[in-house]
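What follows is each chain in one-letter form.
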Amino acid sequence: MTPPPGTSVHLYVGPTGHGLPAELLHQDGVQLRPPARRGHIHALITGEPPCHIALVDGRYDDVPAVGHRELLDALAAGWTVTGLGSIGALRAAELHPHGMTGYGQVFTHLLTTEAPDDEVALLHGPAPDYRPLTEALVDLRTFAEHLTQAGVLRYDQAAATISLLAGRWFGDRSQPAFIDAVRTTAGDAAAAAARAHLPRLPGLRVKTQDLRHYLTERPWTQPPTPSRSCPPNAAAGPSSTTITPRNAC
């Protein structure tokens with residue numbers, strides 16, 4: 001049983017939604033829920049009729065993470081389950097052969113590169129703002145690419161910078177840490193130039209871009225379609241990519 005188009009979506013979101021316009025997050029048909037933890041999906045599907053779930057953010061450092069079993073149970077109960085942005089994109093990459101739908105560039109990146117779980121992880125402040133305190137590595141990759149296009153870094157320097165940060169605990173991947181890594185790989189002048197570009201970073205966060213596109217396109221209101229877009233790699237992909245299980249890459 002598939003939920004009819006036009007029904008509401010239960011959106012589990014936290015820091016990925018930080019900075020988005022309130023009217024986008026609070027639009028009709030969107031039921032905002034906090035970052036998911038183990039048991040949240042089970043509680044939802046046992047108390048509500050089948051509808052749409054969009055898993056974006058979740059808790060996984062201080063509490064058990066949202067589990068594969070409860071997402072599979074939601075699918076078996078007739079729910080449409082989409083993952084994007086953060087742990088949602090990760091779970092979608094893991095479960096797309098079993099019926100979970102992935103959406104966006106982060107999902108495509110995780111699916112095609114098999115990047116580790118901490119690629120999307122960050123530290124953030126409390127509700128309701130969930131202000132990011134560190135940066136997800138997938139977003140720092142996008143920022144490093146921006147710096148190469150701006151002529152601040154060579155491609156090899158950008159790759160070396162990301163490699164340095166990839167070896168750290170995700171809670172140590174801050175903006176100052178990124179600038180320090182640029183200084184190590186490219187020198188003081190490049191670090192100073194990169195620092196001048198930091199105000200651009202929030203607008204380049206690919207996790208948030210994916211959520212913006214999802215809320216703008218409102219795919220939960222559309223009937224299922226077998227069509228899909230499957231770029232050869234995340235960097236070459238469109239701004240939003242939906243891959244359905246039967247047509248996954």
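Attention here is on the structure that accompanies the text.

Basis of the calculations
- Residues numbered from 1 in each chain as written.
- Predicted model: local features only at pLDDT ≥ 70, side-chain atom pairs only at ≥ 80, totals over all residues.
- Heavy atoms only, no water.
- Axes fitted to C-alpha atoms, helices over the stretch in contact; angles between N-to-C directions.
- Helix = DSSP H or I, 4+ residues; strand = E, 2+ residues; numbered from the N terminus.
- Parallel < 35°, antiparallel > 145°, perpendicular 65-115°, else oblique.
- Contact = heavy atoms within 4.5 Å.
- Nonpolar A, V, L, I, M, F, W, Y, C, P; charged D, E, K, R; others polar.
- Buried < 20%, exposed > 50% of the residue type's maximum accessible area, 1.4 Å probe, protein only.
- Arc of directions from axis to C-beta.

As a further point, take the packing of helix H5 (residues 104–113) against helix H11 (residues 206–217). In contact at an axis separation of 6 Å, H5 and H11 are set at 125° when each is read in the N-to-C sense. By the angle between their axes, H5 is oblique relative to H11. Of the residues in H11, those in contact with Gly104, Gln105 and Val106 of H5 are Val206, Lys207, Gln209 and Asp210. A class-by-class count of the residues in the contact of H5 with H11 yields 2 nonpolar, 3 polar and 2 charged.

What follows is about helix H9 (residues 188–196). Along H9, the positions that sit buried rather than exposed are Ala190, Ala191 and Ala194. Here the buried residues of H9 occupy an arc of 100° about the axis, which is enough to place them on one side. Seen from the buried face of H9, the exposed residues on the opposite side, beyond 90 degrees, are Asp188, Ala189 and Ala196. Packed against the buried residues of H9 are helix H6 (137–149) and helix H8 (175–186).

Mapping Arg212 onto the fold places it in helix H11. Judged by relative accessible area, Arg212 falls into the partly exposed class, the value being 38%. Separated by 191 residues in sequence, Arg212 and Pro21 have C-alpha atoms that sit 9.1 Å apart. Discounting chain neighbours no more than four positions away, the residues touching Arg212 are Leu20, Pro21 and Leu24.

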